[in-house]
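# Structural description and commentary
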Amino acid sequence: MNKISILGSTGSIGTQTIDVAKHLGLEVVALSANSNAELLIKQYYDVKPKYIGVTDKSAAQQVKSALSGEKVTIIDGEDSAKTIASLEEPDTVVNAIIGFAGLVPTLSAIDCGKKIALANKETLVSAGRLVMQKAREKGVEIIPIDSEHCALHQCLRSCKHDEVERLIITASGGPFFQYSKEQLKNVTKEQALKHPNWSMGKGITIYSSTLVNKGLEMIEAMHHFEFPMEKIDVIINRESIIHSMVEMVDSSVMAQLGASDMRLCIQYALTYPERVPGVSKKLDLTQVGKLTFFDVDHETFPSIKLAKRAVKYGDIGTCVYNASNEECVNLFLQDKIKYTDIFEIMEKCTEHFKAGNTDSPCIDDIIAADKEAKKYCRECIN
Ligand code: NDP
Ligand code: MG
């Protein structure tokens, strides 16, 4: 494998993917983003892709004029990421788009038989059954980039499915670790945007702080590795050194450790099943000193309880869980709701749509549920 395309190239994972691709000597055939024309233009001169996709039309125009003399095709509009995902040349599609917008491009990459390095967890939370089934049918490999799933993927390589008792996803606990419900009410956007261990895009930084990210990751793991939700737990490792663990039926536990550096996960996904020297720095456990573990406070942070309830409400339930999270994070970032309103609105939304449960929704059902749930969240504040 030596040719890749990067969807969401201007984001936190996207820019780190460019670093890793350069380190590995991969050819970046295509880039795509929503509206960050300035960075796309810089990235063009950095990696010289043959194609650039830009969702926003006026940003696309900006990219077109800046690169008018260059040998590059610019694809614009709503379907641009989907088109980039189905280009013939790349062997692997890295999906680092944030949010539900990543789902359709993942499906089209599967349709075209591409290997997928998947950071966009919303793909599996919104339509996990559908996506994994299609991937199986097409013989497509999906390698996770999310650090916990990258860790689980590595641990699971050493055992059989029926030897596993439980998947243990680790959490940092976020910036509001050990806060009381009362303290959480007055949390500001600035506080929520300061993650203790990871530097990430704005959206995921907020949903990490609420621990909804862990709910999303449990659902992602459920689909990716085919374990029921009852076999997936979350534990806090404050230092974010253990990225996740697998407990075997004989009580042995395998863990994957590493520095908090997403480039390691990106490289793993791009080189799997091989391993090569990495860009990521070595882990020095004597510098870390100690590792500390805690239970999640499910009363103050109801996010995981809510994720379990969403799973009981079926595929539409998890799609709604994701949609309500996305919309609530946007509303919070726009100062339209308070921090703790995120939990309240998500719960209301999950309950409101539970009757819409269908056993095996098609992609149109899922797109409609995402839209409806987001609309419902906005209506909750009027
Ligand atoms: P960012 O917000 O930093 O970047 C998102 C990227 O997606 C940008 O390139 C953005 O373009 C693009 N994008 C947004 N909307 C659209 C759209 N409608 N069509 C096409 N492109 C779009 O996100 P992150 O890199 O932090 O996260 C990406 C994904 O990876 C998320 O699903 C997240 O959960 C997951 N992830 C991230 C981790 C991290 O460390 N950041 C860790 C683990 C998982 P533009 O810049 O033009 O807006
Ligand atoms: Mg993660």
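Refer to the structure presented above.
A brief report on the enclosed structure follows. (Residues numbered from 1 in each chain as written. Chains lettered and ligands numbered in written order. Predicted model: local features only at pLDDT ≥ 70, side-chain atom pairs only at ≥ 80, totals over all residues. Heavy atoms only, no water.)

One open sheet accounts for five strands, arranged β11-β10-β8-β9-β12; its pairing is mixed. The open sheet terminates on both sides in strands that have one partner only, identified here as β11 (253–257) and β12 (293–294). Sheet topology note: the strand β9 (residues 232–237)/β12 ladder contains two bridges and is antiparallel. Bridging from a neighbouring strand, N237 pairs with F293 of β12. Contacts from helix α11 (residues 212–225) reach β8 (164–171) and β9, with the element oriented near 145° to β8. (Pairing = 2+ DSSP bridges. Helix = DSSP H or I, 4+ residues; strand = E, 2+ residues; numbered from the N terminus. Contact = heavy atoms within 4.5 Å. Axes fitted to C-alpha atoms, helices over the stretch in contact; angles between N-to-C directions.)

Time to look at the site of ligand 1. In the vicinity of ligand 1, 25 residues are found, and the nearest of them are T10, S35, N36, E122 and Y207. In this structure, an oxygen atom belonging to ligand 1 sits 2.9 Å away from a main-chain N or O atom of S12. Starting from 900 Å² of accessible surface for ligand 1 in isolation, the protein chains cover 86%. Taken together, the elements giving at least two residues each to the shell around ligand 1 come down to α1 (12–24) and α10 (202–209). Among the residues making up the shell around ligand 1, the classes are represented as 11 nonpolar, 11 polar and three charged. (Near = heavy atom within 4 Å. Polar contact = N/O pair within 3.5 Å; in protein donor to acceptor, adjacent residues only side chain to side chain. Areas by Shrake-Rupley, 256 points an atom, 1.4 Å probe, with all protein chains shown as cover. Nonpolar A, V, L, I, M, F, W, Y, C, P; charged D, E, K, R; others polar.)

Take the nonpolar core next. Side chains of a nonpolar character, in soluble globular proteins, are inclined to be buried together. I142, L156, L167 and Y321 are the most contacted members of the largest nonpolar core, which has 83 residues in total. The dominant element in this core, judged by the number of residues it contributes, is helix α15 (residues 314–333), at nine residues. Those residues in contact with I142, other than ones at most four positions away along the chain, are I110, I116, L118, V131, M132, A135 and H224. Residues V20, V47, A96 and I143 belong to the second largest nonpolar core, which totals 38 residues. (Core = buried A, V, L, I, M, F, W, Y, C linked by side-chain atoms within 4.5 Å. Buried < 20%, exposed > 50% of the residue type's maximum accessible area, 1.4 Å probe, protein only.)

Right, let's get into the sheet that holds strand β7 (residues 142–144). Taken together, seven strands build an open sheet; the order of strands is β4-β3-β2-β1-β5-β6-β7 and the sheet is parallel. In the strand order of this sheet, the two ends are held by β4 (73–76) and β7, each with one partner. Shown here is a sheet whose adjacent strand axes are inclined to one another by a mean of 20°, direction ignored. Bridging between strand β1 (residues 3–7) and strand β2 (residues 27–33) involves five bridges; their strand directions are parallel. Bridging from a neighbouring strand, S5 pairs with A30 of β2. The strands that helix α2 (residues 37–47) touches are β2 and β3 (51–54); relative to β2, the one it contacts most, it runs at about 175°.

In this section: the environment of G128. Structurally, G128 is set in helix α6 (residues 122–138). Sequence separation between G128 and P302 is 174 residues; the distance between their C-alpha atoms is 22 Å. Those residues in contact with G128, other than ones at most four positions away along the chain, are T123 and H223.

Counting across every chain of the model gives nine aromatic pairs. Their ring planes at 45° and their centres at 5.8 Å tell us that Y268 and Y272 sit as a pair that is tilted. Here Y268 and Y272 have matching classes, each one buried. Look at F332 and Y339: their rings are 5.5 Å apart centre to centre, the planes differ by 70°, and that puts the pair in the edge-to-face class. The class of F332 is buried, set by a relative accessible area of 4%. Each residue in the set F176, Y179, F301, F332, Y339 and F343 is aromatic and connected to the rest through ring pairs, giving one cluster. (Phe/Tyr/Trp six-rings, centres within 6.5 Å; stacked < 30°, edge-to-face > 60°.)

It is worth spelling out the coordination of the magnesium ion (ligand 2) at this point. Of the protein atoms, only D146 (OD), E148 (OE) and E217 (OE) coordinate the magnesium ion (ligand 2), at distances of 2.0 to 2.2 Å. When the donors of the magnesium ion (ligand 2) are listed by position in the chain, the intervening gaps give D-x1-E-x68-E. Of the two residues, D146 is situated in the loop between β7 and α7 (147–156) and E217 in helix α11; the sequence distance between them amounts to 71 residues. On the accessibility criterion, D146 (8% relative accessible area) is buried. (Donors = N, O, S within 2.8 Å, 3.2 Å for Na, K, Ca; no water.)

What follows covers the layout of surface pockets. When its volume is computed, the second largest pocket comes out at roughly 360 Å³. What lines the second largest pocket is a set of 15 residues, among which M132, I142, H153, H224 and F225 lie closest to the centre. Broken down by secondary-structure element, the contributors of at least two residues to the lining of the second largest pocket are α6, β7, α7 and α11. Examining the composition of the lining of the second largest pocket, we find that three residues originate from one element, α6, more than from any other. For the lining of the second largest pocket, a count of residues per class yields eight nonpolar, three polar and four charged. (1 Å grid on protein atoms, 1.4 Å probe; cavity = no way out; pocket = protein on both sides within 12 Å on 5 of 7 lines; lining within 4 Å. Points joined across faces, edges and corners; volume = space filled by probe spheres on them.)

Take the pairing of β11 next. Here strand β10 (residues 242–248) runs beside β11; their pairing, made up of five bridges, is antiparallel. Its bridge partner lying in β11, M245 is registered against A255. Between β10 and the antiparallel strand that follows it, β11, lie four residues; S251 among them carries a positive phi value of about 80°.

What follows covers empty space enclosed by the protein. Counted according to the given criterion, the structure contains one cavity of 30 Å³ or more. Its boundaries defined by the atoms lining it, the largest cavity holds a volume of some 40 Å³. Taken together, C150, Q154, W198, H243, Q256, A259, D261, L264 and C265 make up the full set of residues lining the largest cavity. Within the residue set of the lining of the largest cavity, elements represented by two or more residues are α7 and α12 (262–271). Along the lines of polarity and charge, the residues of the lining of the largest cavity split into five nonpolar, three polar and one charged.

By secondary structure assignment, the location of E326 is in helix α15. For E326, the contacting residues outside a window of four places in its chain are G99, F100, E122 and K374.

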